[in-house]
Amino acid sequence: MRRFRDTVTDTAGFYNTAGFVDDTRAFLSIPARHDVARRIDAGHLARLVAEHRLSLEEAAETAIDLAYEIPRAVYPAISR
């Protein structure tokens, strides 16, 4: 997942992704899978901050966008 986030972000950026898309039918695993995806994204942002490629404020804003704003914009029917 880390390698995927690195590659996709370098190519497409953060704002051309749709959040974590889950196709599991195991209802009880969905929260855990989304939590792992958010942790991977947070770790990626933390590394960018540690490397001085992103400010802490930009990373916090991007984290909110990745976890909430972008998926909500891409899937408007779900956000009702």
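A brief look at the structure comes next. (Residues numbered from 1 in each chain as written. Predicted model: local features only at pLDDT ≥ 70, side-chain atom pairs only at ≥ 80, totals over all residues. Heavy atoms only, no water.)

To continue, consider helix α1 (residues 2-12). For α1, every residue scored as buried is listed here: R5, V8 and T9. The buried side chains of α1 occupy one side of the element, clustering within an arc of 100° when seen end-on. Exposed residues lying more than 90 degrees from the buried face of α1 are R3, D10 and T11. Contacts made by the buried residues of α1 are with α2 (30-50) and α3 (56-74). Looking one or two places after α1, you find G13, whose phi comes out positive at around 85°. (Buried < 20%, exposed > 50% of the residue type's maximum accessible area, 1.4 Å probe, protein only. Helix = DSSP H or I, 4+ residues; strand = E, 2+ residues; numbered from the N terminus. Arc of directions from axis to C-beta. Contact = heavy atoms within 4.5 Å.)

A word on the layout of surface pockets. Approximately 630 Å³ is the volume found for the largest pocket. If you trace the largest pocket, you find 22 residues lining it, with G19, F20, V21, H34 and P71 closest to the centre. Taken together, the residues of the lining of the largest pocket break down into 13 nonpolar, 4 polar and 5 charged. (1 Å grid on protein atoms, 1.4 Å probe; cavity = no way out; pocket = protein on both sides within 12 Å on 5 of 7 lines; lining within 4 Å. Points joined across faces, edges and corners; volume = space filled by probe spheres on them. Nonpolar A, V, L, I, M, F, W, Y, C, P; charged D, E, K, R; others polar.)

If you look at the biggest cluster of nonpolar residues, it comprises 7 residues: F14, L45, L48, L54, A59, L66 and I70. Those elements giving two or more residues to this core turn out to be α2 and α3. The greatest single-element share of this core, amounting to 3 residues, is contributed by α3. Among all residues touching L54, those that are not within four sequence positions of it are L45, L48, V49 and A59. (Core = buried A, V, L, I, M, F, W, Y, C linked by side-chain atoms within 4.5 Å.)

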